[in-house]
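# Report on the structure
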Amino acid sequence: MIILIIVVAVMFVLVALFNSIIKAKNQIDNAFGSIDVMLKKRYDLIPNLVDVVKVYMSHEKEVLDQLTKLRIAYESQKVTSNSKVKTMNEIENTMRKLNFSVENYPDLKANQNLIELQKSWNEAEEQIAASRRFFNTAVTEFNTKIQQFPGNIIALVVGFQSMEVFEINSPIERENKRARDMFNS
Amino acid sequence: MNPELESLFTNGLTDSLNALNAARRKLISSFILNICMSVLILVLIFLFNPFLKYFSCVVFLIFSGALLSSRFRRQQKKYQLQFKNLIISPLTQLVEGDLKYQPESGIDLETFKLSKLVKGPIDKFHSEDLFTGAIGETSFQFSEIVAKEKQDSESSGNSHITAFKGLFLVANFNKTIKSKLTVFPDVFAEKWGFLGEIVSREIFPTDGMERIKLEDSSFEKCFEVFGDDQVESRYILTPSLMRRFVELRDKKQFFGASFRENQLFIVVYLTKDLFEPHVFRKTINMKEIELFLDYLIFMTKIVIDLNLNNRIYKT
């Protein structure tokens, strides 16, 4: 009878631990999804940006058209696909090509729409940073659960593996240009 | 002593101090005189009233006690108001933010309840010493608040416990906020871990929000954060804002904050009244006045220290 109680208790503990690991893993997926949402929010500013800029920088038309096409391509791709990361990098490269120097265009600098866009861009960047921090916290919690005993036994049986946090050398971090650099290069 | 404060008192407030001292002496004299008169009348009633002398003395004591107490409170209030207008009001010149002072006004109960920084239904609420100002694009106001909760008990019947006593600040926040976030001082969780968190949830109004664990270890040691959106909580509490909170915490004992509806609410827990003079002390206490100024500077500097004027985000 006592053995039965002990066995049942151990089972409960293992089930609870397994569930907490699953919860931690789902939190990671949730966090990764948040990053994608925030990146999309930032890139959704591009059409307005193009509309404001093209009035003042008519000779950059080709680059602006390319930017618009890349943004549409980004939206049509799957969240975790490599092509999405590639498109993201191309968007960042194109923005650099645009050589967005507000100082050279004083009329553009004073444009109220551009000022509002800058604020929205800053907000989007801060939200991307917040999503990334949430992702890192979720990954750290998950890694801790599957590395500590007895979670590591469950992880071994089920096949859970440690995940990597976002670091400065990751593609997203490297290409996440600050608004200041973008608007004052 | 603060040199600006010293200069203000030496050059500008000597007459005010003299007037206040005179008013204080008059108040004490009046109080003593009234007591003496009451004692005299009591003795006369006892000696010369043959009918129900003890009953008459008791009735007179109750009546005169109530009258004297009410009169003293009125005079004391008048003296306090005089003190606030003559001493506290000029202190606002030494503080940033173009502060306006209204001694008899305060932040209303609805705004205080909106912050969700105090648990329980508030039965008695008193707010006074309202300061309003603006630094850059950030407008703010703060006042002294005492909020009490009714407590029913079999032994003492209806009594009130103090739910909050201290300073309460409201400022418009520099980011758009859709969710709710509250930051409480970490009184228990740091010492007792998981059990401490359970105690915190009982004491502080967490409102069903989840515990948000942040990556700044110094911040986590000083504060507990509860919010309903993991990402937006981190959007609000950036690494630099967390650092500023810790620096603010190093200046004063306990304070809490909440972020709701594009506003920042801050409570600074105090154990005694601020901006009030003592009636029965011989002179105006300069150390106390310096403390009042210290709190005024602390409250207005919150806007600067938390970088609320960094208006680069969409609002």
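This brings us to the overall build of chain A. The helix and strand tally for chain A stands at 9 helices and 0 strands. Along chain A, helices and strands appear, N-terminal first, in the series α-α-α-α-α-α-α-α-α. Buried positions account for 42% of the 185 residues belonging to chain A. Expressed as a percentage of contacts within chain A between residues at least 6 apart in sequence, the contacts between residues at least 24 apart total 78%. Counting every atom, chain A has about 10700 Å² of accessible surface; 58% of that belongs to carbon and sulfur.

We now examine the packing of aromatic side chains. Two numbers describe a pair of aromatic rings. These are the distance of the centres and the angle of the planes. All names here are of chain B. Within the structure shown, the criterion is met by 22 aromatic pairs over all chains. Measuring from ring centre to ring centre gives 5.6 Å for Phe 112 and Phe 125, while their planes differ by 40 degrees; the resulting arrangement is tilted. On the criterion of sequence distance, the pair formed by Phe 112 in helix H4 (residues 109-114) and Phe 125 in strand S2 (residues 124-135) is long-range, its members being 13 residues apart. By relative accessible area, which is 2% here, Phe 112 ends up buried.

Our focus in this paragraph is the confidence of the model for chain B. In low-pLDDT regions, the fine details of the predicted coordinates are not to be read closely. Residue and element names in this part refer to chain B. Of all residues in chain B, 93% attain a pLDDT of 70 or more, and the chain-wide mean is 85. Mean pLDDT values for the elements of chain B range from 64 in helix H5 (residues 189-192) up to 95 in strand S1 (residues 100-102). Across the interface, the model reports ipTM at 0.74; the global pTM reads 0.81.

If you look at the interface, chain A gives 15 residues, while chain B gives 17 residues. Each partner contributes to the roughly 1400 Å² buried at the junction of chain A and chain B, and carbon and sulfur atoms together form 56% of this total. Linking chain A with chain B are 2 salt bridges, by the criterion used here. Measuring nitrogen to oxygen at the nearest pair gives 3.8 Å for the salt bridge that ties Glu126(A) to Lys175(B). Counting the contacts that link chain A with chain B gives 4 residue pairs in polar contact (both at pLDDT 80 or more). Every element with two or more residues in the side of chain A that touches chain B is listed here: helix H1 (2-43) and helix H6 (112-147) of chain A. Per-element tally for the side of chain A that touches chain B: the top contributor is H6(A), with 12 residues.

Attention shifts here to a nonpolar patch on the surface. All names here are of chain B. Residues Ile 35, Val 39, Leu 40, Val 43, Leu 44, Phe 46, Leu 47, Phe 48 and Tyr 54 make up a contiguous nonpolar surface patch of about 910 Å² in total accessible area. When residues in the nonpolar patch are grouped by element, the largest group, 8 residues, is from helix H2 (residues 14-48). If you trace the backbone, Leu 44 turns up in helix H2.

Cut-off values and rules
Residues numbered from 1 in each chain as written. Chains lettered and ligands numbered in written order. Predicted model: local features only at pLDDT ≥ 70, side-chain atom pairs only at ≥ 80, totals over all residues. Heavy atoms only, no water. Helix = DSSP H or I, 4+ residues; strand = E, 2+ residues; numbered from the N terminus. Buried < 20%, exposed > 50% of the residue type's maximum accessible area, 1.4 Å probe, protein only. Contact = heavy atoms within 4.5 Å. Areas by Shrake-Rupley, 256 points an atom, 1.4 Å probe, with all protein chains shown as cover. Phe/Tyr/Trp six-rings, centres within 6.5 Å; stacked < 30°, edge-to-face > 60°. pLDDT = per-residue confidence, 0-100. Buried area = accessible area lost by both parts, 1.4 Å probe. Salt bridge = Lys/Arg side-chain N within 4 Å of Asp/Glu carboxyl O. Polar contact = N/O pair within 3.5 Å; in protein donor to acceptor, adjacent residues only side chain to side chain. Patch = residues over 30% accessible without salt bridge, like charges linked within 9 Å, V, L, I, M, F, W, Y side chains within 5 Å.

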